[in-house]
Each structure stands twice: as structure tokens, then as C-alpha cells.
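Examination of the molecular architecture
So you can see what is in the structure, the chains are spelled out below.
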Amino acid sequence: MTEAPTLIAAITIGLLGSTHCIGMCGGITSALSLSLKGRSKAETTWLMLTYHAGRISSYALAGLLLGWVGWFLGDASESLQITLRYIASAMLIAMGLYITGWWKGLMKMEKLGQHLWKHIQPVASRLLPIRNTPNALALGALWGWLPCGLVYSTLIWSASQNNPTQSALLMAAFGLGTLPAVFLTGLFARQLASVIQASVTRSIAGIMMILFGLYSIPGPHQVWVMSILSVGHGGHSM
């Protein structure tokens, strides 16, 4: 079973990376809201939540598929598993640099996904406007494959879990972390966006992610950090 700290970290990454999500998915969410104009508030909320459920499900599915690859590589060779963990750590650091705005290398990864997206986008566009629950779910599941460097880097991290189920859970947790920024509308959404997009917030979030990436690099430092946390926890409980 995936450890709670890992899921919390995934949710946090989704939340902290929401600056990018607002830019990538904010326009889509706004278009969906406009297409539902005239419906009751309850029905609009339900259909929007269903759309995001489809989007998050696509993340979980991608995590499951890549998790199988990570499991296969890890099971086939211990050295390959360690290599995958190094790559995952590097991607976490890259995410931190991306969020802070210090390095935009992840944008190159997004261009790679354009080859798949050009086949998915026409199908997704035909599902607009949203008419019912199955329609919203299908649309979200397709839009979840929108090229996104943040999603790709989290996917590589999920693959390093060496377990398909854990990888899927990690990606679902990441998707939940992105939900507030891309779902909420109106005044509160603008307040949330202003906080998330503030340079200080982005810098703190990015540095936290970089530190987590450094910690994730395989090595004796992980045992050292955990021993300190264990001692601190033990001292607190006495």
C-alpha cells in the first residue's frame, strides 16, 4: 500500500503546481462553464466535478500503465530500478525549477506529447458542449491527456514506486491536488490564483519540491533523515 506521506507529497505537488494548471486548463474550464450557462448551479457543479473525475481517472490510468513498466524494469534488474529512481528524483527537481520559473526545460517534454494529442483533441472537441454525466466523464478522460510537463514528470516519479497500484494511487492523489485551482470559479478562484501565482509562493513551493527531489535520490542520507525524524517523534511522545 502506498505510504501516506507519499500520497500527501503527490497532493502537495499537484496543489503547488497549480500555477501551471491554471495556465494549461483554466481556459478549458472556463469554456466548459460557459457551455453550461443556463443550467442550475447544482447541475453545473455536478457536471464540472464529473469532468474533473474523468481527468483525474486518466492520470490514474496513465500511472497504472507506467507503473507496470516501472515494475517490470525493477523486477528485471535492480540496477534499472535504481536508475529509474535517479531519473524520478531528477524530474522532481526539474518540477521545482519549473514552478519557480528558474528553468523551463519541462516545456520541451510537453512538445513530445503533441504527437498523441493531435489525434485526441478532435475527438474531445466533438464532445462539447457537455450534455450529460457520461459526456462530461468522457470529455474529462480525454482532456486528461493534454500535454503537460508537470504531469509527465509526476508520471516518471510514479513509475519509480515499483508497483502499478501505488503508481495509480499516486497519480490520482496528484490529480486531486490540482482540483481546487482548476475547478473553483468566481472571486475565490481569483484569490486562489493570485496566491498561487505570487512569486514568493512559487519560490517556496519550488524550493520545497527541489528539496524533496534531493531527498528522493537513493543514498544513505535517506536513512539519516528518517533517523532524525524518528528521534524527534520519539522525543515528542515521551
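Residues numbered from 1 in each chain as written. Predicted model: local features only at pLDDT ≥ 70, side-chain atom pairs only at ≥ 80, totals over all residues. Heavy atoms only, no water.

All right, on to the overall build of the protein chain then. Scanning the protein chain from terminus to terminus reveals eleven helices and zero strands. Listing each helix as α and each strand as β along the protein chain from the N terminus yields α-α-α-α-α-α-α-α-α-α-α. Burial statistics for the protein chain: of 238 residues in total, 44% are counted as buried. Long-range pairs, those at least 24 residues apart, make up 77% of the contacts in the protein chain with a sequence separation of at least 6. Within the structure as shown, the protein chain displays about 12,500 Å² of accessible surface, and the carbon and sulfur contribution to it stands at 71%. (Helix = DSSP H or I, 4+ residues; strand = E, 2+ residues; numbered from the N terminus. Buried < 20%, exposed > 50% of the residue type's maximum accessible area, 1.4 Å probe, protein only. Contact = heavy atoms within 4.5 Å. Areas by Shrake-Rupley, 256 points an atom, 1.4 Å probe, with all protein chains shown as cover.)

This paragraph deals with the confidence of the model for the protein chain. Of the residues in the protein chain, 80% reach a pLDDT of 70 or more, and the chain-wide mean stands at 80. Taking the mean pLDDT of every element in the protein chain, the minimum, 56, falls on helix 9 (residues 187-197) and the maximum, 93, on helix 6 (residues 133-143). (pLDDT = per-residue confidence, 0-100.)

This brings us to the side chain of Ser-216. With respect to the element layout, Ser-216 can be found in helix 10 (residues 199-216). Within polar-contact distance, the side chain of Ser-216 engages the backbone oxygen of Phe-212 at 2.8 Å. (Polar contact = N/O pair within 3.5 Å; in protein donor to acceptor, adjacent residues only side chain to side chain.)

Tallied over the full model, the rule gives four aromatic pairs. Seen in terms of ring centroids, Trp-157 and Phe-212 are 5.5 Å apart; in terms of plane orientation they differ by 80 degrees. Their pairing is edge-to-face. Of this pair, Trp-157 sits in helix 7 (residues 149-159) while Phe-212 sits in helix 10, and the two are 55 residues apart along the sequence. Overall, Phe-212 belongs to the partly exposed group, its relative accessible area being 26%. The ring of Tyr-98 carries Lys-104 above its face, with NZ or CZ at 5.1 Å from the centroid. (Phe/Tyr/Trp six-rings, centres within 6.5 Å; stacked < 30°, edge-to-face > 60°. Lys NZ or Arg CZ within 6 Å of the ring centre and 35° of its normal.)

What follows is about helix 8 (residues 164-183). Taking 1.5 Å as the rise per residue, helix 8 with 20 residues should run 28 Å; its terminal C-alpha atoms sit 28 Å apart, in good agreement. When the local axis directions of helix 8 are compared, the greatest deviation, roughly 30 degrees, occurs at Gly-177, which is followed within four positions by the proline Pro-180. Burial analysis of helix 8 places 15 of its 20 residues in the buried class, the great majority of the element. Capping of helix 8 at its N-terminal end is provided by Asn-163; its side-chain oxygen lies 3.0 Å from the backbone amide nitrogen of Thr-165. (Expected span 1.5 Å × (residues − 1). Bend = angle between axes of the 7 residues up to and from the residue.)

Another point: the packing of helix 4 (residues 78-100) against helix 7. For the pair helix 4 and helix 7, the least separation of the axes is 8 Å and the interaxial angle reads 150 degrees. Judged by the angle between their axes, helix 4 and helix 7 are roughly antiparallel. The element helix 4 and its partner helix 7 pack so that their crossing is left-handed. On helix 7, the residues that touch Leu-84, Ile-87, Ala-88, Met-91, Leu-92 and Met-95 of helix 4 are Leu-150, Ser-153, Thr-154, Ile-156, Trp-157 and Ala-159. (Axes fitted to C-alpha atoms, helices over the stretch in contact; angles between N-to-C directions. Parallel < 35°, antiparallel > 145°, perpendicular 65-115°, else oblique. Left-handed = near helix turned anticlockwise from the far one by under 90°.)

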